[in-house]
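Residue-level structure breakdown
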Amino acid sequence: MNAFFQYFLNGIITGGILSLPAIGFSLLYKILRFPNFAFGSYLTCGAYTALAVNLVLGGSIVWGFAASLVVTAGVAITVDQLVFRNLRQRRPLTLAIVSIGAVFILENVIRFIWGGGLQYYRIPVYRDMYVLGIHMGREQSIILLASCIFMLLVEGLLKKTRLGKAMRALADNPLLAEIKGIDRERMVILISGVGGALAGASGVFLGIDTVIDPLMGFNVILSIFAAAILGGIGSARGAMGGAMVIGLAEELSLLLIPSTYKSAVGFGIIILILILRPGGFTKR
Amino acid sequence: MSSYFIAIGTFVGIYALLALGLNIQWGFTGLVNLGHVGFFAIGAYSTALLTVHGMPFAAGLALAILLSASLGALVAMATLRLREDFLAIVTLGFSEILRLFLINEDWLTKGTNGIKAIPRPFREAFSQGYDLFYLILVGVAVLIVFLILDRVRISPFGRVLRAIREDEDVAQVAGKNTFRFKVQAFTLGAGLAGLAGFFYAHYVTYISPDSFVPALTIYIWVALMAGGSGNNKGAILGAVVLMGFLEGTRFLKDLIFFLSDVRLAAAREILVGVFLILLLIYKPEGVLPEERK
């Protein structure tokens, strides 16, 4: 029984980490009508930016985290403007292929600078906390707290501000939103920036929770995709909920299947959704 | 030196088969496949596992094509009925899960050790010049596949595929069961990747999960896009261009001696990514544009 609760807790933490990149991915998927695989790479960029601050400049991980938000937002906007903007009129699937090209570039720029090996942040080690036999690292509790705060911030941005309402309107019905005078290009830049920053934050969390390597973002892209589909593409709240379900499913699957197939869980859920509920669970 | 060119030629042939397969899926029908390498791996492992245990090459060939084609059909059927754009993630996921399977299921695939000493067809018949024979074998296969596919292109079947690519609703209004056509096109492409896997396994005689990295899928996309999507000759030309690029950048090592191997490999992949993006932005029709006929 303890094992169950332990995996459950880990699942919530994984879900929190996955929810952040899933938000921008899902909104942009609906607005631009293609899955941007580069979101996985934005996550990797965030992790390595924090690593640069932490190891090379000797700054604390908090500074690294702040830097990664800014840098990743910049990377996401740059990729959009330099690459995707030139292709807006093409078939959406062409852009999916282009985004794989962008993954290839970003991932290998990182490999060029840092090499392919595993890296870790230099952070002070604290004793794990034990509550009722379930252990939880200090970092894990901070990650959980921080990702909850980020989710609340996104929720607030989307629900309470004019800008957020415009973003949601665009994701809900792009054509109608444009007729009502919402500047699509401007919104795409903004969502790319916010989405990129969130993915960067997620990368730092993932780097703290596990390890940092050039493939870390590519390895979670299936889970991000599954979260977005599960929540209904274009819904930020759905993406967060979907990410929680995926995180829990991935960790709880360890009770049943060997850990080597953990990353297959997201894929299995995608297939199940395709067969059972093509529109996701919140829409249609 | 001539043995170098024979090796290059054989690889061009294998890449050409892969590019021709992708051309049916994307070039003709507009179906995205980001897991082409997975079907290639299925073909290579099927024939390798059968023939190292003494089964005939014909059995290996049959299983390589049939298994990759049926898995292609399965992937297509699970995805295409609902949302075509999900094919991007399902194919990518398929090839990744397959790689996990190849790495972890030691009992079948020998895991990361890979399969060694894969036999080569008609090897005993040659005391010398075997590699040249194998190149001709691959070349003949490419030629036959090319001739068949170029018939397919102008056949009624091929016309339906292109109609689906241009506007699926119109094809449906014209009374075509577009779902069936799409599944058939995807199956055909996957089967061709399996055939390429057959020739690859018996050429290199050693395969492991590392031979089937996702980067290979991107290479084939670059080949098809450079040569000319929708054009069978373009797919073959693209394979030549790709091989030229891969070999050409190997000589970078002598020029840029201060780069480590990891950095050199990374630089090469960055170039591939940049090349792919520039192609799609500035020259989406490739060197040989689709023939309108």
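Further up the page is the structure itself.
Summarised in this report is the structure supplied together with it. In this text, all values refer to a predicted model and were calculated from it rather than measured experimentally. (Residues numbered from 1 in each chain as written. Chains lettered and ligands numbered in written order. Predicted model: local features only at pLDDT ≥ 70, side-chain atom pairs only at ≥ 80, totals over all residues.)

1. Thoughts on the overall build of chain B
The helix and strand inventory of chain B stands at 13 helices and zero strands. Scaling as 2.2 N^0.38, a compact globule of 293 residues should have a C-alpha radius of gyration of about 19 Å, and chain B matches this with 19 Å. Principal axes of the C-alpha set define a box for chain B whose edges measure 60 × 45 × 35 Å. When each of the 293 residues of chain B is scored for burial, the buried share is 47%. Contacts in chain B between residues at least 24 apart in sequence constitute 79% of all its contacts with a sequence separation of at least 6. (Helix = DSSP H or I, 4+ residues; strand = E, 2+ residues; numbered from the N terminus. Rg over C-alpha atoms; globule rule 2.2 N^0.38 Å. Buried ≥ 20, exposed ≤ 12 C-beta atoms within 10 Å, placed from the backbone. Contact = placed C-beta atoms within 7 Å.)

2. Regarding the environment of Ala199(A)
Residues and elements named next belong to chain A. The topology assignment puts alanine 199 in helix α8 (residues 184–209). The exposure class assigned to alanine 199 is buried, which follows from the 32 C-beta atoms found within 10 Å. Apart from residues lying up to four places away in sequence, alanine 199 is in contact with Leu20, Pro21, Gly24, Phe39, Tyr42, Leu43, Gly46 and Thr72.

3. Description of unusual backbone geometry
Non-glycine residue Arg33(A) carries a positive phi angle of around 65°. Along the chain, Arg33(A) turns up in the loop between α1 (2–32) and α2 (38–56). The exposure class of Arg33(A) is partly exposed, given the 16 C-beta atoms found within 10 Å. Its identity is not glycine, yet Phe122(B) carries a phi of approximately 60°, on the positive side. If you trace the backbone, Phe122(B) turns up in the loop between α5 (106–109) and α6 (130–154).

4. So, the interface of chain B and chain A
Accessible area lost upon the coming together of the parts is a frequently used measure of interface size. At the junction of the two partners, chain B supplies 31 residues and chain A supplies 34 residues. Going through the elements one at a time, α3 (57–80), α4 (87–104), α10 (214–227) and α13 (261–282) of chain B are the ones with two or more residues in the side of chain B that touches chain A. In terms of residues, the side of chain B that touches chain A owes the most to one element, α13(B), which gives 13 residues. Grouping the constituent residues of the side of chain B that touches chain A by class yields 22 nonpolar, four polar and five charged. (Nonpolar A, V, L, I, M, F, W, Y, C, P; charged D, E, K, R; others polar.)

5. Notes on the nonpolar core
All names here are of chain B. Tyr15, Ala19 and Ala223 are the most contacted members of the largest nonpolar core, which totals 185 residues. A total of 14 residues in this core trace back to one element, the largest contributor, which is helix α9 (residues 178–204). Here alanine 19 is in contact with Ile220, Ala223, Leu224, Gly227, Ala235, Gly238 and Ala239, once residues within four sequence places are set aside. (Core = buried A, V, L, I, M, F, W, Y, C linked by C-beta atoms within 7 Å.)

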